[in-house]
Amino acid sequence: METPGSQSSLHRANLERVVRAVRLAGSLTQAEIARTTGLSAATVSNIVRELKDGGTVEVTPTSAGGRRARSVSLSGDAGIVIGVDFGHTHLRVAVGNLAHQVLAEESEPLDVDASAAQGFDRAEQLVTRLIEATGVDRTKVAGVGLGVPGPIDLESGTLGSSAILPGWIGTRPAEELRGRLGVPVHVDNDANLGALGEMVWGSGRGVRDLAYIKVASGVGAGLVIEGKIYRGPGGTAGEIGHITLDESGPVCRCGNRGCLETFAAARYVLPLLQSSHGTDLTMEGVVRLARDGDPGCRRVIADVGRHIGSGVANLCNLLNPSRVVLGGDLAEAGELVLGPIRESVGRYAIPSAARQLSVLPGALGGRAEVLGALALALSEMGDSTLLDGTLSAATPVFT
């Protein structure tokens, strides 16, 4: 047993610091590892050499600032993580390795009226199929990140009453999937995972304070403060869709009137165009028609953008983020929606907060949440297991 404060325990702690830095970033140069961990360049060089000899990391030549450097990433065969994203109408699963490389990914339609048990059964089948497709041994599964469209109570792990999937309210998604897969499962709402995905792989890279706004069947925000997802004590932080814009407005599913969601979510926006465009119209179709010049669709998207901008202005005044990333189908409208958002922010946010804010479309599209689920699984796994050569004490039970 290592004695706390001994040379061996200090060395072990430094090993774990380096592995954690690389695991969270995907790959880093040795200079970046030194800056991230606070260790000296010489210490980092020795630790990387030791980890490379032990098969924990891979080192490849690269360049940084015009100079030759060495990029360090976790070994591609050190293990895999799984991301599962349940949406209002879809199920998406991805398998990635610890070097942040996606090995397999697949999406399929999901019946919104299906029971939670049916949904988790489908997820188990899809996970099994994708693992088999990668050819990776199932004992290499380090963990699963799971995204659901609604708030998760941090104490009980139950899905809250404002979830988009009504038949799932009160369920414990992490517990359900863990019982089927036999590996650690970490759950969060889809907006938080979208923020994680964009922060690791997309439009939020290099930013420590941002808000990811997802506009789909509902409206939610994933908040990143000082580089970490902020969930609040009850797990409901970021419910921007329930900011009141008009107390005499339409009744929202939360029971209040005039929430932002009633002016921006698909279920409220699409009926505005049904008389002129038919009942089969989707938000994806509205965006496509708007980009092709349809005046009605352009007007509706501009109105939605101004409403979202009002909510973003409130965020700016309260939290002062440096970036807002727009996700969901609406982001594909580009400047047709981003321009009105910026217009409202400029009008309603305090000038200093508005000046510091950039508003960008998400870079990952519909993949943001499932990639965020991979990032969640990567962030929650322990580093000591990598150093000990075993990824999980639990043996997967799925077949």
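Definitions and limits used
Residues numbered from 1 in each chain as written. Predicted model: local features only at pLDDT ≥ 70, side-chain atom pairs only at ≥ 80, totals over all residues. Heavy atoms only, no water. Buried < 20%, exposed > 50% of the residue type's maximum accessible area, 1.4 Å probe, protein only. Helix = DSSP H or I, 4+ residues; strand = E, 2+ residues; numbered from the N terminus. Contact = heavy atoms within 4.5 Å. Domains from an automatic or database assignment. Buried area = accessible area lost by both parts, 1.4 Å probe. Salt bridge = Lys/Arg side-chain N within 4 Å of Asp/Glu carboxyl O. Axes fitted to C-alpha atoms, helices over the stretch in contact; angles between N-to-C directions. Parallel < 35°, antiparallel > 145°, perpendicular 65-115°, else oblique. Nonpolar A, V, L, I, M, F, W, Y, C, P; charged D, E, K, R; others polar. Pairing = 2+ DSSP bridges. Phe/Tyr/Trp six-rings, centres within 6.5 Å; stacked < 30°, edge-to-face > 60°.

**Student:** I keep staring at helix H10 (residues 283-291) and nothing clicks. Help me out?
**Tutor:** It helps to recall that an α-helix has 3.6 residues per turn; residues three or four apart then point in one direction. Where H10 is concerned, the buried positions are Met-283, Gly-285, Val-286, Val-287 and Ala-290. Among the structural elements, helix H8 (266-269), helix H11 (295-319) and helix H12 (335-348) are those in contact with the buried residues of H10. Within two residues after H10, Gly-293 carries a phi angle of roughly 105°, on the positive side.

**Student:** Sorry if this is basic, but what is going on with the domain arrangement of the protein here?
**Tutor:** For interface size, the figure often reported is the accessible area lost on association. Under the domain assignment used here, the protein contains domain 1 (7-74), domain 2 (80-194 + 369-394) and domain 3 (204-363). Taking the mean C-alpha position of each, domain 1 and domain 2 sit 29 Å from one another. Each partner contributes residues to the interface: domain 1 has 13 residues there, and domain 2 has twelve residues. Taken together, the two surfaces of domain 1 and domain 2 that pack against each other cover about 1,100 Å², and 58% of this comes from carbon and sulfur. Its largest share of buried area at the contact with domain 2, domain 1 owes to Arg-12, Arg-23 and Leu-74, together 51% of the area lost on that side. Counting across the domain 1 and domain 2 interface gives zero salt bridges.

**Student:** What is the right way to look at the packing of helix H6 (residues 190-201) against helix H14 (residues 368-380) in this model?
**Tutor:** The description of two helices packed together rests on the angle between their axes and the distance between the axes. At a minimum axis separation of 7 Å, H6 and H14 run at an interaxial angle of 80°. Taken together, H6 and H14 sit at an angle that is classed as roughly perpendicular. Taken together, the residues of H14 that come into contact with H6 (itself represented by Asp-190, Leu-193, Gly-194, Leu-196, Gly-197, Glu-198, Val-200 and Trp-201) are Ala-368, Glu-369, Leu-371, Gly-372, Ala-373, Leu-374, Ala-375 and Leu-376. Across the contact of H6 with H14, the residue classes tally to ten nonpolar, three polar and three charged.

**Student:** Any chance you could explain the pattern of salt bridges here in plain terms?
**Tutor:** Should their charged atoms come close, side chains of opposite charge can pair. Scanning the entire structure with this criterion turns up 18 salt bridges. A salt bridge links Arg-129 to Glu-106; its shortest N-O distance comes to 2.8 Å. Here Glu-106 lies in strand S6 (residues 102-109) and Arg-129 lies in helix H4 (residues 116-134), a separation of 23 residues in the sequence. Residue Arg-129 is classed as partly exposed on the basis of its relative accessible area of 38%.

**Student:** I'm lost on the sheet that holds strand S3 (residues 67-74) in this one. Help?
**Tutor:** Two pairing modes exist for strands in a sheet, parallel and antiparallel, and in both the strands are linked by backbone hydrogen bonds. Reading across from one edge, S1-S3-S2 is the order of the three strands in this open sheet, with antiparallel pairing throughout. Single-partner strands in this sheet number two, and they are strand S1 (27-29) and strand S2 (57-64). Across the sheet, the mean angle separating the axes of adjacent strands is 30° when strand polarity is ignored. Sheet topology note: the S1/S3 ladder contains three bridges and is antiparallel. When the bridges of S3 are listed, Leu-28 appears paired with Val-72. On the sheet, helix H2 (residues 30-37) packs against S1 and S3 and is oriented at approximately 95° with respect to S1. Where helix H3 (residues 41-53) meets the sheet, its contacts fall on S2 and S3, and the angle it forms with S2 comes to roughly 135°.

**Student:** Please explain the packing of aromatic side chains as it appears in this structure.
**Tutor:** To describe a pair of aromatic rings, one takes the distance between the centres and the angle between the planes. All chains considered together, the criterion is met by three aromatic pairs. Here Phe-86 and Phe-120 contribute two aromatic rings whose centre-to-centre distance is 5.5 Å and whose plane-to-plane angle is 85°, an arrangement assigned as edge-to-face. You can see Phe-86 sitting in strand S4 (residues 80-86) and its partner Phe-120 sitting in helix H4, a full 34 residues away along the chain. Each member of the pair, Phe-86 as well as Phe-120, is classed as buried. For the pair Phe-120 and Trp-168, a centre-to-centre distance of 5.0 Å together with 50° between the ring planes defines the contact as tilted. Of this pair, Phe-120 sits in helix H4 while Trp-168 sits in the loop between strand S7 (141-148) and helix H5 (173-181), and the two are 48 residues apart along the sequence. Trp-168 shares its class with Phe-120; the two are buried. Each residue in the set Phe-86, Phe-120 and Trp-168 is aromatic and connected to the rest through ring pairs, giving one cluster.

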